[in-house]
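Spelled out from the first residue to the last, the chains are:
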Amino acid sequence: MITNSVVKGSSPFVGARPFDIGDDRIFSGRDREIDEVSALWRGGRLTLLHGAAGTGKTSLVCAGLVPRLRAEGERVLPIGHIWRRNVFPTAAFPEQNAFTLALLSSWSPDEPPARVAGLSVLTFLRRHSSNDRFGLPVRTFAAIDEADLLFHGPASRERQRRRFLDQLVEALDEEPDLHLLLVAREEHTEELRALRARMKDGTGAAYALRVFDRSAAVEAVRRPLAARGHEIAVETAGSLVDELRTIRTPRSMTPRRIPAVAPALLQLVCERLWAPLTEEPGLFAERLAANVDQVIADFCGEALATVAVECGVAPARLAAWFRDAFAGPDGTGVAVERARAEMPESVLRAVEDLHLVRLGRRADTRLYELHHPRMVEPLRSSRDQPGRARSPDSSERLRAAERALCEGSTELARYHAEAVIRACAGKDLRLQAEAERLLGNIAYEQGRADVAAEHYRESARLFEVLQDTRPVGLLLAALGRLLIGHSAAESVRELRTAANRLPNDLVIQTALAQALWQAGQTRGALAMLDAVLTRDGDTLEALRARGEILADLGKAEPALRDLRRVDHQDRPSTRAARMLAEISCRLGGGPQTAAPALRPEGVRATTGDRGSSSASAAASREDGHDLAAVVEEAAESGPVLLRVARAHMLRGEAKDAAELASRAVTAGRPPLPPHMRDEAYRLKTAGVPEGG
């Protein structure tokens, strides 16, 4: 048996977690891969690093590739993520592309979310570009870890997914000094490979990361120990690696050895057995097989118990199913379709994330199989009742909640966030505040505005106790925006109070201006936005809001000056305002002096982008397609429907204008402000024939 003294202490191994930035001194066994992938990353515009769960993709990037490039003087952004969205309350940035905002916030963690909200990937990179001492552009190396999570969320995010991929292609096409690395599991590599085919310059490569061979595994055992002053013989490390390569089955009297060892399994076993490995090598060798069996059995039991608790499955049922499915005579696994029929998707994703299983393929069948064949015998000898569920620390649990929300598992996300609050109440106010903010985001995505407001309010209170004003401002802005659709007057009162408490917070002032517009206080709204933009002319949300208001007021040219400075493709309300202003300016003879905005592939040109050819019949037909597309995306938005109705009226299409104006009057997500209803009624009646 392994005693407690063996498994405790300052281990030089990371165990079940991946290596992180700063772990490069104890990261080993991947010298060849670091050389090869860093060469591909340098030489190509788009590089895809892919592999099965547990092969060490994140570890290679964080502890291998990024330190190597930075040591050689390259400019490498912080690791990008598309799921870490809890740095801001979602309601503070309605209609923002969640994938883009999460990525840019992770690439620029010290920058307030309000500074990157509304930026496209290309605009962000241009703002953060730099030159060397000779005035030449510096190459930017950027990575997005777990890019496959982009394809795991709910169908409701499909438009945002497509637009996010468009933005990546646009950035690669227009920013020649960008070198992008995408890190993903095997099952979604084809979708990510397709990006290269869409690029103007399709240079790049894909690299399949494999498990350790014997020599790499031996090095991965010895080097971290040496870094802590523990030298062990090659033979001792080799005996441990060979044991992990040894597969025993009841059907065979002779064990067989496989050539490879999974990095995740090696780290797990070394983390739990490192002390006897260094202190008692002779005794360690005698009990090696039994100790490895026990480590694997304990890990599987703990992991299954944890999954059962978190996913609401009976522990005994899960343990029995797992053993029957994966510990058969050969541990061959179970087809994906059958597994999904027998267990919830959340369970299957969790056992893959915990490196119990991996996705594989046999002939034409996709199947789940054990993470490593060495796990078969310990699993076969286990009981149906799993071990004790592991209690992750609160910060780890909060990250799990964020991932679950990104994948669309809102109930699992809520379960984790509530557990963090229970564990941190009165002890760690910051984590408690972050968990309350995440619960607000979950409720907001579910359309429960009242519940979201309660959690945002509590989160703001906790951050105020911590005297951290930046998140307080965002949370108060989120509260005010939640109230706009319900009561513009109440929203104005809430945001005025917030602005008095935090007079320098531009996010609150921008939200207040939008509430004033909804309440019919046009002059006050424009004055507030002018003041914000006087202080910071790059506040994109203020530019967007002012441009939309000016378009609604019929001031097409100043509206276009603002709207051409923001990325309008992600926001139907902004697209509708820009199209209204462009059509108004064109048909009224106004000048189109601004340069056309850069467009991602697949996005239609709008009227102003077509310059002098916009008067043609073909351009007019395309205007109609664009207007119809905006209506389809925002079919319940009163302001969007009214803007499109006004555009149709300018085009002489009174019947279409009347039909859309009628829909605008009854739309409720969001509703028309009261002062815009007169215009809607006018258009509605203008399209009705006499006597109709």
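Residues numbered from 1 in each chain as written. Predicted model: local features only at pLDDT ≥ 70, side-chain atom pairs only at ≥ 80, totals over all residues. Heavy atoms only, no water.

Some details on the overall build of the chain
Point 1. What the chain contains, in helices and strands, is 32 helices and 10 strands.
Point 2. A buried classification covers 55% of the 692 residues belonging to the chain.
Point 3. When contacts within the chain are restricted to residue pairs at least 6 apart in sequence, long-range pairs at least 24 apart make up 69% of them.
Point 4. Of the roughly 29,200 Å² of accessible surface on the chain, a fraction of 50% belongs to carbon and sulfur atoms. (Helix = DSSP H or I, 4+ residues; strand = E, 2+ residues; numbered from the N terminus. Buried < 20%, exposed > 50% of the residue type's maximum accessible area, 1.4 Å probe, protein only. Contact = heavy atoms within 4.5 Å. Areas by Shrake-Rupley, 256 points an atom, 1.4 Å probe, with all protein chains shown as cover.)

Remarks on the environment of Ala 147
Point 1. Among the secondary structure elements, Ala 147 is positioned in the loop between strand E3 (140–144) and helix H7 (158–174).
Point 2. The spacing of Ala 147 and Gly 80 is 67 residues in sequence and 9.2 Å in space, taken between C-alpha atoms.
Point 3. When near neighbours in sequence (up to four residues on either side) are disregarded, Ala 147 contacts Ile 82, Leu 182, Val 183 and Leu 192.

Section: the sheet that holds strand E5 (residues 204–208)
Point 1. Strands sit in the order E2-E3-E4-E1-E5 across an open sheet of five strands; the sheet is parallel. Where the open sheet ends on each side, the last strands, each with one partner, are strand E2 (75–76) and E5.
Point 2. The pairing of strand E1 (residues 46–51) with E5 spans five bridges and is classified as parallel. In the sheet register, Thr 47 faces E5, and the bridge partner there is Ala 205. (Pairing = 2+ DSSP bridges.)

Side note on helix H23 (residues 488–501)
Point 1. Across its 14 residues, H23 extends 20 Å between first and last C-alpha, which sits within 8% of the 20 Å expected from 1.5 Å per residue.
Point 2. Contact partners of the buried residues in H23: helix H22 (469–484) and helix H24 (506–518). (Expected span 1.5 Å × (residues − 1).)

As for the pairing of E1
As a general feature of sheets, a regular strand has side chains that alternate between the two faces.
Point 1. Counting buried residues in E1 gives six out of six residues, a clear majority hidden from the surface.
Point 2. Across the two faces of E1 the burial is the same, with Leu 46, Leu 48 and His 50 and Thr 47, Leu 49 and Gly 51 all buried.
Point 3. Sheet topology note: the E1/strand E4 (residues 178–185) ladder contains six bridges and is parallel. Looking across to E4, one finds that Leu 48 is bridged to Leu 182.

Side note on helix H30 (residues 638–650)
An α-helical turn contains 3.6 residues, so any two residues separated by three or four positions project in the same direction.
Point 1. For H30, with 13 residues, the first-to-last C-alpha span of 19 Å sits near the 18 Å given by 1.5 Å per residue.
Point 2. In terms of burial, H30 is largely enclosed, as 11 of its 13 residues are buried.
Point 3. Where H30 is concerned, the buried positions are Gly 638, Pro 639, Val 640, Leu 641, Leu 642, Arg 643, Val 644, Ala 645, Arg 646, Ala 647 and His 648.
Point 4. Sitting at the head of H30, Ser 637 places a side-chain oxygen 3.3 Å from the backbone nitrogen of Val 640. (Polar contact = N/O pair within 3.5 Å; in protein donor to acceptor, adjacent residues only side chain to side chain.)

As for the nonpolar core
Point 1. Membership of the largest hydrophobic core comes to 115 residues, with the highest contact counts inside it found for Trp 107, Ile 144, Leu 180 and Leu 182.
Point 2. The residues contacting Ile 144, other than those within four sequence positions of it, are Gly 80, Ile 82, Leu 103, Trp 107, Phe 164, Leu 168, Leu 180, Leu 181, Leu 182 and Val 183.
Point 3. Membership of the second largest hydrophobic core comes to 58 residues, among which are Ala 220, Ala 262, Leu 288 and Tyr 368. (Core = buried A, V, L, I, M, F, W, Y, C linked by side-chain atoms within 4.5 Å.)

Here we look at the pattern of salt bridges
Point 1. Overall, the coordinates contain 58 salt bridges when judged by the stated rule.
Point 2. As a salt-bridge pair, Asp 353 and Arg 185 come within 2.7 Å of each other at their nearest N and O atoms. Taken as a pair, Asp 353 in helix H16 (residues 345–353) and Arg 185 in strand E4 lie far apart in primary sequence, 168 residues in all.
Point 3. With a relative accessible area of 25%, Asp 353 lands in the partly exposed category. (Salt bridge = Lys/Arg side-chain N within 4 Å of Asp/Glu carboxyl O.)

Topic: the packing of aromatic side chains
Point 1. Here the structure, examined in full by the defined rule, presents eight aromatic pairs.
Point 2. Measuring from centroid to centroid gives 5.8 Å for Trp 321 and Phe 326, while their planes differ by 90 degrees, and the two rings are edge-to-face.
Point 3. The class for Trp 321 is buried, based on a relative accessible area of 11%.
Point 4. The exposure class assigned to Phe 326 is buried, which follows from its relative accessible area of 1%.
Point 5. Aromatic ring contacts, followed pair by pair, group Trp 321, Phe 322 and Phe 326 into a single cluster.
Point 6. Above the plane of the ring of Trp 83 lies Arg 403, whose end atom (NZ or CZ) is 5.8 Å from the centre. (Phe/Tyr/Trp six-rings, centres within 6.5 Å; stacked < 30°, edge-to-face > 60°. Lys NZ or Arg CZ within 6 Å of the ring centre and 35° of its normal.)

With respect to the pairing of E3
Point 1. With five of five residues buried, E3 is to be regarded as a mostly interior element.
Point 2. Going residue by residue along E3, you find Thr 140, Ala 142 and Ile 144 tucked away on one face and Phe 141 and Ala 143 tucked away on the opposite face as well.
Point 3. Where E2 meets E3, two bridges bridge the pair, whose relative direction is parallel. Among the inter-strand pairings, Val 76 is bridged to a residue of E3, identified as Phe 141.
Point 4. In terms of strand pairing, E3 meets E4 through five bridges, oriented parallel. Of the residues in E4, the one forming a bridge with Ala 143 is Leu 181.

A few points about the packing of H24 against helix H26 (residues 540–552)
Angle between the axes and distance between the axes: these two values describe a pair of packed helices.
Point 1. In contact at an axis separation of 9 Å, H24 and H26 are set at 15 degrees when each is read in the N-to-C sense. Accordingly, the angle class assigned to the pair H24 and H26 is roughly parallel. In the crossing of H24 with H26, the sense of the turn from one axis to the other is left-handed. Contacts between H24 and H26 involve Thr 510, Gln 514 and Trp 517 on the former and, on the latter, Glu 541, Ala 542, Ala 545, Ile 549 and Asp 552.
Point 2. Residue composition of the contact of H24 with H26, grouped by class: four nonpolar, two polar and two charged. (Axes fitted to C-alpha atoms, helices over the stretch in contact; angles between N-to-C directions. Parallel < 35°, antiparallel > 145°, perpendicular 65-115°, else oblique. Left-handed = near helix turned anticlockwise from the far one by under 90°. Nonpolar A, V, L, I, M, F, W, Y, C, P; charged D, E, K, R; others polar.)

Considerations on the sheet that holds strand E10 (residues 365–370)
Whether parallel or antiparallel, the strands of a sheet pair through hydrogen bonds between backbone atoms.
Point 1. Reading across from one edge, E8-E10-E9 is the order of the three strands in this open sheet, with antiparallel pairing throughout. Each edge of the sheet is formed by a strand with only one pairing partner; in this case those strands are strand E8 (334–335) and strand E9 (357–362).
Point 2. Here E9 runs beside E10; their pairing, made up of six bridges, is antiparallel. Across the sheet, residue Gly 360 finds its bridge partner in E10, namely Leu 367.
Point 3. Packing of helix H14 (residues 315–326) onto the sheet brings it into contact with E8, E9 and E10, and relative to E10 it is tilted by some 115 degrees.

So, the confidence of the model for the chain
Any segment with low pLDDT has predicted coordinates that should not be analysed in fine detail.
Point 1. Of all residues in the chain, 89% have pLDDT values of 70 or greater, and the mean over the chain is 85.
Point 2. Mean pLDDT per element in the chain: helix H1 (residues 4–7) is the minimum at 35, and E3 is the maximum at 97.
Point 3. Low pLDDT, under 50, characterises residues 589–615; the stretch is placed with 61 contacts to residues that sit more than four places away or in other chains. (pLDDT = per-residue confidence, 0-100.)

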